[in-house]
Amino acid sequence: METYNIYCDESCHLEFDNSPIMVLGAIWLPNDKNIEIKTRINEIKEKYGITKFRELKWTKLSPSLYNCYKDIIDYFFDDDDLHFRCLIVDNKQSFSHKKTQSYDDWYFKMYFYTLHNIIDPHSITNIYIDIKDTCSRRKIQKLHDVLCNSFDDFDHSRIKNIQAVRSESIAVMQIVDLLIGAAAYSNRKLTSSETKLKLIQHIQNRAKYSFLKNTLPRERKFNIFHLQLGEYHA
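Because the structure is a prediction, the values reported are computed rather than measured. (Residues numbered from 1 in each chain as written. Predicted model: local features only at pLDDT ≥ 70, side-chain atom pairs only at ≥ 80, totals over all residues. Heavy atoms only, no water.)

Asker: Break down the packing of aromatic side chains for me, with residues and values.
Answerer: A full pass over the atoms with the stated rule returns eight aromatic pairs. Taken together, a centroid distance of 5.7 Å and an interplanar angle of 40° make the contact between Phe-84 and Phe-222 tilted. Of the two residues, Phe-84 sits in strand 3 (residues 83–89) while Phe-222 sits in strand 6 (residues 222–227), which places them 138 residues apart along the sequence. Accessibility assignment for this pair places Phe-84 and Phe-222 in one class, buried. A network of ring pairs unites the aromatic residues Phe-76, Phe-77, Phe-84, Phe-211 and Phe-222 as a single cluster. Taking the ring centre of Tyr-66 as reference, the NZ or CZ of Lys-198 above it sits at 4.4 Å. (Phe/Tyr/Trp six-rings, centres within 6.5 Å; stacked < 30°, edge-to-face > 60°. Helix = DSSP H or I, 4+ residues; strand = E, 2+ residues; numbered from the N terminus. Buried < 20%, exposed > 50% of the residue type's maximum accessible area, 1.4 Å probe, protein only. Lys NZ or Arg CZ within 6 Å of the ring centre and 35° of its normal.)

Next comes the structure, spelled out in structure tokens:
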């Protein structure tokens, strides 16, 4: 049975951050792919004179770094083993979460919607989530239990592990950060950075999809799903 790893990150996820949207994203890949990804990302950094210890993040994108970031994006699209899914909550602030549940409970429910459609019930899956705060451990365990139960995996033999990690320790998290950063920037209708807009356009050209619309539900390479809170009962 093949083993897959899913790496997750978020943008605009805080309750009172004045953003109307929230973005959760995940890249999934075969377990034995990690060393190759780290090597390839480091090679791209070296090509542009960037130390391998420097973390590439969406917020740090500048004109001088554009070609490096573009090569990272092209690597993602050119490698058939890498897949991306993004959940965009379009009207986060229109819902009063505390009427029925805490914001953290709702947040991890959104992670369930992000992950459920990309887990292969016939494979072993490990899930790694970028650390949100010091209180995440209990919520992550609950998410693990709910995901396993939804696949009748009551002994956790297929969805083996969900754990919080620090993004700087895992190379592929840099690709997740770039893609969800682009999704958030696009859906917030921001325009102040021509370099970011240029990279967003390049991503959309490669994907043949827009960050502003849903992709086909079965799209595996680049999957975008917009969730309207009015369509969802907490």
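Asker: With reference to specific residues and values, describe the pattern of salt bridges.
Answerer: With the rule as written, the count across this model stands at 10 salt bridges. Put simply, Asp-74 and Lys-70 hold a salt bridge, and the shortest N to O gap is 3.3 Å. Separated by four residues within a single helix, Asp-74 and Lys-70 lie in helix 2 (residues 66–78), roughly one turn from each other. On the basis of relative accessibility, which here comes to 26%, the residue Lys-70 falls in the partly exposed class. For Arg-206, the salt bridge is made with Asp-74, and the minimal N-O distance between the two is 3.0 Å. Taken as a pair, Arg-206 in helix 6 (residues 194–207) and Asp-74 in helix 2 lie far apart in primary sequence, 132 residues in all. Looking at Arg-206, the relative accessible area reads 28%, which means it is partly exposed. With a relative accessible area of 13%, Asp-74 lands in the buried category. One network of salt bridges, in which partners are shared, links Lys-33, Glu-36, Asp-79 and Asp-81. (Salt bridge = Lys/Arg side-chain N within 4 Å of Asp/Glu carboxyl O.)

Asker: Break down unusual backbone geometry for me, citing the residues and quoting the values.
Answerer: Apart from glycine, the bulk of residues carry a negative phi angle, and the bulk of peptide bonds sit in the trans form. Backbone geometry places Lys-189, a non-glycine residue, at a positive phi of 60°. Structurally, Lys-189 is set in the loop between helix 5 (173–187) and helix 6. Residue Lys-189 is classed as exposed on the basis of its relative accessible area of 57%. Its identity is not glycine, yet Lys-208 carries a phi of approximately 65°, on the positive side.

Asker: Describe the packing of helix 1 (residues 34–47) against helix 2, with residues and values.
Answerer: Close contact between helix 1 and helix 2 brings their axes to 9 Å; oriented N to C, the two are set at 155°. As judged from the angle between their axes, helix 1 and helix 2 are roughly antiparallel. The hand of the helix 1/helix 2 crossing is right-handed. Note on element contacts: helix 2 touches helix 1 through Cys-68, Asp-71, Ile-72 and Tyr-75, opposite Glu-36, Ile-37, Arg-40, Ile-41, Ile-44, Lys-45 and Lys-47. For the contact of helix 1 with helix 2, a count of residues per class yields six nonpolar, no polar and five charged. (Axes fitted to C-alpha atoms, helices over the stretch in contact; angles between N-to-C directions. Parallel < 35°, antiparallel > 145°, perpendicular 65-115°, else oblique. Left-handed = near helix turned anticlockwise from the far one by under 90°. Contact = heavy atoms within 4.5 Å. Nonpolar A, V, L, I, M, F, W, Y, C, P; charged D, E, K, R; others polar.)

Asker: Requested: an account of helix 2, with residues and values cited.
Answerer: Relative to the 18 Å expected for 13 residues at 1.5 Å per residue, helix 2 spans 18 Å between its end C-alpha atoms, a close match to the ideal helical length. Among the 13 residues of helix 2, 10 are classified as buried, and the element is accordingly described as predominantly covered. Within the sequence span of helix 2, burial applies to Tyr-66, Cys-68, Tyr-69, Asp-71, Ile-72, Ile-73, Asp-74, Tyr-75, Phe-76 and Phe-77. Summarising the contacts, the buried residues of helix 2 are in contact with strand 2 (22–30), helix 1, strand 3, helix 5, helix 6 and strand 6. (Expected span 1.5 Å × (residues − 1).)

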